[in-house]
There are 6 protein chains.
Amino acid sequence: MRYEHLTSPAIATLDRDSTILLLPLGAVEQHGPHLPLGTDTMIAKAICDAAAEQRSDTFVLPPPWYGVSEHHMRFSGTLTLSVDTMRAIVSDVVGSAVAHGFRRILMVNGHGGNRPALDVLATTLGKTHYGRASIAGLTYFQLAAKQIDAVRDSRPGGTGHAGEMETSVLLHLTPDLVSMDEAKAVYPDTGSPYLTTDLTRSSPIRTYNDFADLSASGVFGDPELASADKGERFFSAIVEELTRFLEDFAKWPIRGRD
Amino acid sequence: MRYEHLTSPAIATLDRDSTILLLPLGAVEQHGPHLPLGTDTMIAKAICDAAAEQRSDTFVLPPPWYGVSEHHMRFSGTLTLSVDTMRAIVSDVVGSAVAHGFRRILMVNGHGGNRPALDVLATTLGKTHYGRASIAGLTYFQLAAKQIDAVRDSRPGGTGHAGEMETSVLLHLTPDLVSMDEAKAVYPDTGSPYLTTDLTRSSPIRTYNDFADLSASGVFGDPELASADKGERFFSAIVEELTRFLEDFAKWPIRGRD
Amino acid sequence: MRYEHLTSPAIATLDRDSTILLLPLGAVEQHGPHLPLGTDTMIAKAICDAAAEQRSDTFVLPPPWYGVSEHHMRFSGTLTLSVDTMRAIVSDVVGSAVAHGFRRILMVNGHGGNRPALDVLATTLGKTHYGRASIAGLTYFQLAAKQIDAVRDSRPGGTGHAGEMETSVLLHLTPDLVSMDEAKAVYPDTGSPYLTTDLTRSSPIRTYNDFADLSASGVFGDPELASADKGERFFSAIVEELTRFLEDFAKWPIRGRD
Amino acid sequence: MRYEHLTSPAIATLDRDSTILLLPLGAVEQHGPHLPLGTDTMIAKAICDAAAEQRSDTFVLPPPWYGVSEHHMRFSGTLTLSVDTMRAIVSDVVGSAVAHGFRRILMVNGHGGNRPALDVLATTLGKTHYGRASIAGLTYFQLAAKQIDAVRDSRPGGTGHAGEMETSVLLHLTPDLVSMDEAKAVYPDTGSPYLTTDLTRSSPIRTYNDFADLSASGVFGDPELASADKGERFFSAIVEELTRFLEDFAKWPIRGRD
Amino acid sequence: MRYEHLTSPAIATLDRDSTILLLPLGAVEQHGPHLPLGTDTMIAKAICDAAAEQRSDTFVLPPPWYGVSEHHMRFSGTLTLSVDTMRAIVSDVVGSAVAHGFRRILMVNGHGGNRPALDVLATTLGKTHYGRASIAGLTYFQLAAKQIDAVRDSRPGGTGHAGEMETSVLLHLTPDLVSMDEAKAVYPDTGSPYLTTDLTRSSPIRTYNDFADLSASGVFGDPELASADKGERFFSAIVEELTRFLEDFAKWPIRGRD
Amino acid sequence: MRYEHLTSPAIATLDRDSTILLLPLGAVEQHGPHLPLGTDTMIAKAICDAAAEQRSDTFVLPPPWYGVSEHHMRFSGTLTLSVDTMRAIVSDVVGSAVAHGFRRILMVNGHGGNRPALDVLATTLGKTHYGRASIAGLTYFQLAAKQIDAVRDSRPGGTGHAGEMETSVLLHLTPDLVSMDEAKAVYPDTGSPYLTTDLTRSSPIRTYNDFADLSASGVFGDPELASADKGERFFSAIVEELTRFLEDFAKWPIRGRD
């Protein structure tokens, strides 16, 4: 189901009406002392792979790996794209796919810092390719917020960046890359009741939060509550939710064409 | 309280710690057969003016009037900016204000199509001016979603573009510009349970919706339920909610400085 | 006659051959201690409104308010756009109007600092929309230079930025916003006979003049000579001249089409 | 006096306070059936060379040759830059010169189509290098409009593109490149009393004029009146006027520095 | 040795003088009927991984996967970046790494279409980060051209895109992704003795070659000669050559700093 | 044979199938104490002129003079374009020529610093104008590397920037601009066996070399070995090689058209 493993002639035979392409988006950025830099992209890709395994018409594009991580740059190792670079790479990849006739392309994002760029991409690419393709984007922890909340044990603030959920999922996917000894809970104080750091909550207020101001370790939440078993449940719930959406997405009309 | 009515020396004397600048953002786009093209900017500006009247330290910048309205371009009269033009004008205005020492700048948006640009602006401007100013953005019908829902009579879908709330507020503010004879309810069918057209609802899925595909008149919702009295109640509730946020915003630390 | 007050269906019915759209351009910048920051945009808009009232086929677009004011940035409160942002916003608005079939679009500028951008816009937009629309631009105090000179009492240099003419016109339009007590004449010394600061004069030499180098108060000219009565005469003469040009503009062929 | 003929160490020894650099700007575009494509750049360069010969402190930069000539593209052979390319090349060259400490840089333009770009360059480069250099721009037939009018025999409209003056100057400079047999007068009808095609006249109205709409041959004016003798007089008058300006320019203060 | 597997604190402890970061660059593009779309990136990454295994101070950054592949777009499945997108992503990643103090960054390219962008990146990034880091780029089949020629059996033209070498290397690395039944030799006729399609040859002439004009299958060369054993020898020779260069690169002075 | 000396009607009559346009590219940058700043452009132009004299169908475009010379900016007098400005000017000129129907356009480069931009231009312009024109680029000392090596006396490193070959060619072309008294040999030490400074050698490693780090005088090579006689032989060999290539280029198919 990995797009890059197919040959060109194999791509040519895919049915354009039904095929769905998934583009995983993440980041290479600090995830505290206990998680690897590649956490967000690894999770986004794993979710896409798992969902694609359940559908014969769905393929996963290679992830461009990097994301918008300016707010993590004070932590060593973070590698960030500007919003415009993010837009450029995704626009080029999606535009190429549409040029080959693909009609259903979904960006699956696993990194909060990508959301503004994702929103711009979803609307501008949708307009650019109007009449030829349906293009959509989602951030998995928004799509599956209820399901994540059903599994979590942490109170609000505990399921943030490198917190209970991400740590659990990585314990499930690649336990060797997790250092639970280093995992310590941090509940950041944003200084305003209008701002939240929990991945399943949202705020009507948009602003810039430099993570180094809010957490010395870079952790937002409680990774101490994480476990591989819980990670399996988080992961399953998320994949199930993505699969449910794909069933809907597969039926979207291609406006301006159909 | 209108910034453009002050002189340069008057601006120079304003206290930089406490002063808040509000930048209203809207659109010039179709609002059905019963509302004027300028609806979104008029409402955003009116809300800002009303909130500023309740605070001696808050001033309202002139609105750049135009917004991101590609999805309305099939309706006559719509004038749209690209996302990048929107970013450019707001970045220049906010950057100029910061250059004069202003530290608290809030973008108050009244148009759904501006949200992706607003999100990008809130994060990139916050980063650019980190250590010098707090910059935030909000869309009023997200900030006051609960309050709007408390006033509305329409079912989900009824308080969309040019629907019950916007029509009511304009009946309250500028009744001469509203043609209630032309106001007819439209409940668009998005074709997916994941997509909503109601202003107070949100979806985890981002995509492009060309409004002409979903409504022949351009209306999303039920303007027939609108009234001036209801408009007064919507407006008061929104202003109250904005004022409540301003009290919080006035106390935000200027990270990297304080 | 205000474009933003019309509904989309009302716009749709306008005759495309005869309709003229006016786009007022100005600035939000220091105008000395006696005039408000919004002076240039207010005057440009007032002129457009007055001219449009005399023609049933002419409508005034909302002004984007801000202009190119780098040379005023050392004075508090000035908010500037870059030349490229100015170009972007006007290009987007004019392009949208042409997309709806409008064929006669005139930029009416009231700010000297916008002239280079205006010249670029007039030629590039004219080329871009060649065969579909006639697009022109003017700066009102260049169009009506002779008429302004006929009314003024000041010697050369007296009718500059925030000088006799602008102050008089604002006394006529919005006397409450003028502080005549603060109005003091300044005749700047440019240091070269080739450079002028009078609005009705022009120079073959183009260069950058930082206004703070030439006037401590930001005033160029003699506002002490201003009066509301004189303002009425300035204003009438300018509007008359604009109206005269509109009669000509209404008859311009749409090259490449007609 | 040609900058490109000097060595790097020779450049290093030039006095930065007094040295003036001239940058000739022109175009490679149709000049009717009787003048070569390079006319504008050749004249601008010749004027610069002649002026520099009269001053030991003035050097002529190599011309980038091409200019903004969209309005001539319907005539074979025209090679045009966009406004932004024009700005980029001049900005880079001037920026490099300032980096080496040069403080007086003058753009000497010989092509009407470059004027909007020139105006933008003069103001933006002046701002960019404020405190380090004085940067100015002029178009020679505007600088010496009176002097040209004193020599010409043609009525208004006769001294336009490839008309009496340009043809005469080229007969003076490079007679072998002029085909007087092909030279035929054309007095274009712009269709509006507000628009002029004469090089020594100006209009308060800015718009796009595609030259192929106004003249089948591409000529604006009366080259039949041209002569080498007259060309010598035009040329001398222009050089004299430029030299006079250089005397003034040499004394301009470097604002923000001196 | 995979950068994305490290934590932020682990990155912080790396010695900045000795650490080398490798950035693999490739493409997602047609590789004939027998090789997968991801061939170039897979090989570049495998080479980097193998070289890094031999040095304790060398880490491999995640590959952005996509490359400049316009010349392959007529073959289904190819996904291309523009040159400028390629520049943007690499510039952002390298700039971030330099911001964290890394001083030795090498781009290891496996795709011919990336070479122009790579050349621009190597010079512009080197200039941008002058005094802080040494940045270099190479294309592995240029670096190891002699070594590859020593292993190959094909005549000139046989070791091109999807030819003897790439097919052999993939048979060595991921035999399951190679369909040798589909592998057929194509020796393209460029139509000029000045142009070559062999990866180990170079031409002084730069031009655009659309691959679909030169090969119906997209293959340039002779994959029929490929074998896993030969692939092992190609791969070892390339890694050895890269390792040899890394020994040199590790000693390069950081100009402007040391 | 100089394009800018032709009239527009003369251009119109040229046969589009056979005509070749040459665009000389060079630089205005330090060439040691003995050669003028314009060396690279002068040589590129002289080579083009000489080649064009041997073909009735070949014309030389005016050189834009400036090139990419960041790596020489620490030497006084160097004037540099950014890579993007270089791309813009050449793209605009070539695009204009293609718009007039020209089908064979060759960029003839004489400056090493332009090579990355040239490579990008050759591929992107080739793609942009695919089906309409063949566009190619070359650097003369790469095209004629063998021929130059056959004439030279210097050992490797002796024929670099301002070295044996360039100095000889200028002694041949414009001896008055060469100061042989100042010519002193410098054999730079790049610090790596992978890097070369000889014009006829190439390296698989791309990186930034600031010339001031490698040579105090800016000279790379041995100008002491230069002579006018040798310059004549270098020049003839290069022109002969260019002419030979033009014979081939004249026969290239216009892919996508023929």
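Rules used in this analysis
Residues numbered from 1 in each chain as written. Chains lettered and ligands numbered in written order. Predicted model: local features only at pLDDT ≥ 70, side-chain atom pairs only at ≥ 80, totals over all residues. Heavy atoms only, no water. Contact = heavy atoms within 4.5 Å. Buried area = accessible area lost by both parts, 1.4 Å probe. Salt bridge = Lys/Arg side-chain N within 4 Å of Asp/Glu carboxyl O. Polar contact = N/O pair within 3.5 Å; in protein donor to acceptor, adjacent residues only side chain to side chain. Helix = DSSP H or I, 4+ residues; strand = E, 2+ residues; numbered from the N terminus. Least-squares fit on C-alpha atoms with pLDDT ≥ 70 in both. Nonpolar A, V, L, I, M, F, W, Y, C, P; charged D, E, K, R; others polar. Pairing = 2+ DSSP bridges. Axes fitted to C-alpha atoms, helices over the stretch in contact; angles between N-to-C directions. Buried < 20%, exposed > 50% of the residue type's maximum accessible area, 1.4 Å probe, protein only. Right-handed = clockwise from strand over helix to strand, strands pointing away. Parallel < 35°, antiparallel > 145°, perpendicular 65-115°, else oblique. Left-handed = near helix turned anticlockwise from the far one by under 90°.

1. Considering the interface of chain E and chain A
Alright, step 1. Between chain E and chain A, the contact holds 47 residues from the first and 47 residues from the second.
Alright, step 2. Here chain E meets chain A over a buried area of about 3,600 Å², counting both sides, of which 66% is carbon and sulfur.
Alright, step 3. Counting across the interface, chain E meets chain A through zero salt bridges.
Alright, step 4. Where chain E meets chain A, there are 22 residue pairs in polar contact (both at pLDDT 80 or more).
Alright, step 5. Of all the secondary structure elements, the ones that give two or more residues to the side of chain E that touches chain A are α1 (8–12) and α3 (83–99) of chain E.

2. Some thoughts on the relation of the copies chain E and chain A
Superposing the two chain copies requires a rotation about an axis and a translation along that axis.
Alright, step 1. Least-squares fitting of chain E to chain A yields an RMSD of 0.0 Å, with the transformation described by 0.0 Å of translation along the axis and a rotation of 180°. With respect to symmetry, the two chain copies, as superposed, fit the operation of a two-fold axis. If distances are taken from each C-alpha of chain E to the rotation axis, the shortest is found for E:P64, at 2.2 Å.
Alright, step 2. A shared binding surface is used by both copies, with 100% of the interface residues of chain E retained as interface residues in chain A.

3. Topic: the interface of chain C and chain B
Alright, step 1. Each partner contributes to the interface: chain C provides 47 residues, whereas chain B provides 47 residues.
Alright, step 2. Summing both partners gives a buried area of about 3,600 Å² for chain C against chain B, and 66% of it is carried by carbon and sulfur.
Alright, step 3. At the surface where chain C touches chain B, the tally comes to zero salt bridges.
Alright, step 4. Across the contact surface, chain C and chain B share 22 residue pairs in polar contact (both at pLDDT 80 or more).
Alright, step 5. Among the secondary structure elements, those contributing two or more residues to the side of chain C that touches chain B are α1 (8–12) and α3 (83–99) of chain C.
Alright, step 6. Sort the elements by how many residues they give to the side of chain C that touches chain B and α3(C) lands first, with eight residues.
Alright, step 7. Considering only residue class, the side of chain C that touches chain B consists of 28 nonpolar, 15 polar and four charged.

4. Brief notes about the sheet that holds strand β1 (residues 20–25) of chain A
Alright, step 1. Strand order in this open sheet of five strands is β2(A)-β1(A)-β3(A)-β4(A)-β5(B), and the pairing throughout is mixed. Across the chains shown, the open sheet's two edge strands, defined by having one partner strand only, are β2 (58–60) of chain A together with β5 (205–207) of chain B. Averaged over all adjacent pairs, the angle separating strand axes in this sheet is 25°, with direction ignored.
Alright, step 2. The pairing of strand β3 (residues 104–109) of chain A with strand β4 (residues 134–139) of chain A spans six bridges and is classified as parallel. Bridging from a neighbouring strand, A:R104 pairs with A:S134 of β4(A).

5. Some thoughts on the arrangement of the chains
Alright, step 1. Chain C makes no contact with chain A, the minimum C-alpha separation between the two being 15 Å.
Alright, step 2. Separating chain B from chain F is a minimum C-alpha gap of 20 Å, and the two share no contact.

6. Points about the relation of the copies chain C and chain B
Alright, step 1. Mapping chain C onto chain B leaves a residual RMSD of 0.0 Å; the transformation is a rotation of 180° accompanied by 0.0 Å of translation along its axis.
Alright, step 2. A high fraction, 100%, of the interface residues of chain C reappear at the interface in chain B, so the copies pair face to face through one surface.

7. Regarding the sheet that holds strand β3 (residues 104–109) of chain F
Alright, step 1. An order of β5(E)-β4(F)-β3(F)-β1(F)-β2(F) is seen for the five strands of this open sheet, with the pairing classed as mixed. Since the sheet does not close on itself, it has two edges, and those belong to β5 (205–207) of chain E together with β2 (58–60) of chain F, each with one partner. With strand direction ignored, the average angle separating the axes of adjacent strands in the sheet is 25°.
Alright, step 2. Bridging between strand β1 (residues 20–25) of chain F and β3(F) involves five bridges; their strand directions are parallel. The residue of β3(F) that forms the bridge with F:L25 is F:N109.
Alright, step 3. Along the sheet, helix α9 (residues 228–249) of chain F contacts β5 of chain E together with β1, β3 and β4 (134–139) of chain F; its crossing angle with β3(F), the most-contacted strand, is approximately 155°.

8. Some remarks on the pattern of salt bridges
Alright, step 1. All chains considered together, the criterion is met by 108 salt bridges over all chains.
Alright, step 2. Across the pair D:R103 and D:D17 runs a salt bridge, and its minimum N-O distance is 2.2 Å. Residue D:R103 is located in the loop between α3 (83–99) and β3 (104–109), and its partner D:D17 is located in the loop between α1 (8–12) and β1 (20–25); the two are separated by 86 residues in the primary sequence.
Alright, step 3. For D:D17, a relative accessible area of 47% puts it in the partly exposed group.
Alright, step 4. For D:E241, the salt bridge goes to D:R244, with nearest N and O atoms at 2.7 Å. Here D:E241 pairs with D:R244, and both are found in helix α9 (residues 228–249), just three residues apart, close to one helical turn.
Alright, step 5. A residue is classified by how much of its surface remains accessible, and D:R244, at 38% relative accessible area, is partly exposed.
Alright, step 6. Members of the salt-bridge network, linked through shared partners, are A:D84, A:R87, B:D84 and B:R87.

9. Remarks on the pairing of strand β1 (residues 20–25) of chain B
Residue and element names in this part refer to chain B.
Alright, step 1. Of all six residues in β1, six are buried, a share of seventy percent or more.
Alright, step 2. Of the two faces of β1, the one holding I20, L22 and P24 and the one holding L21, L23 and L25 are both buried throughout.
Alright, step 3. Examined bridge by bridge, β1 and strand β2 (residues 58–60) share three bridges and lie parallel to one another. The partner of L21 across the bridge, within β2, is F59.
Alright, step 4. You can see the chain leave β1, run along helix α2 (residues 39–53) and come back into β2, and the turn it takes is right-handed.
Alright, step 5. Summarising the sheet, β1 and strand β3 (residues 104–109) pair through six bridges and their orientation is parallel. Bridging across to β3, L23 finds its partner in M107.

10. Description of the packing of helix α3 (residues 83–99) of chain F against helix α4 (residues 115–128) of chain F
Residue and element names in this part refer to chain F.
Alright, step 1. Running from N to C, α3 and α4 cross one another at 40°; their axes reach a closest spacing of 10 Å. In this view, α3 runs oblique relative to α4, as classed from their interaxial angle. Once α3 is placed against α4, the crossing between them reads as right-handed. Two secondary-structure elements touch here, α3 through V83, M86, R87, V90, S91 and V94 and α4 through A117, V120, L121 and L125.
Alright, step 2. Of the residues in the contact of α3 with α4, the class split is eight nonpolar, one polar and one charged.

11. Considerations on the side chain of A:N109
Residues and elements named next belong to chain A.
Alright, step 1. Relative to the elements of secondary structure, N109 occurs in strand β3.
Alright, step 2. In this structure the side chain of N109 is engaged in a polar contact, spanning 3.1 Å, whose partner is the side chain of N114.
Alright, step 3. Not counting chain neighbours up to four residues away, the residues in contact with N109 comprise L25, N114, R115, L118, L138, T139 and Y140.

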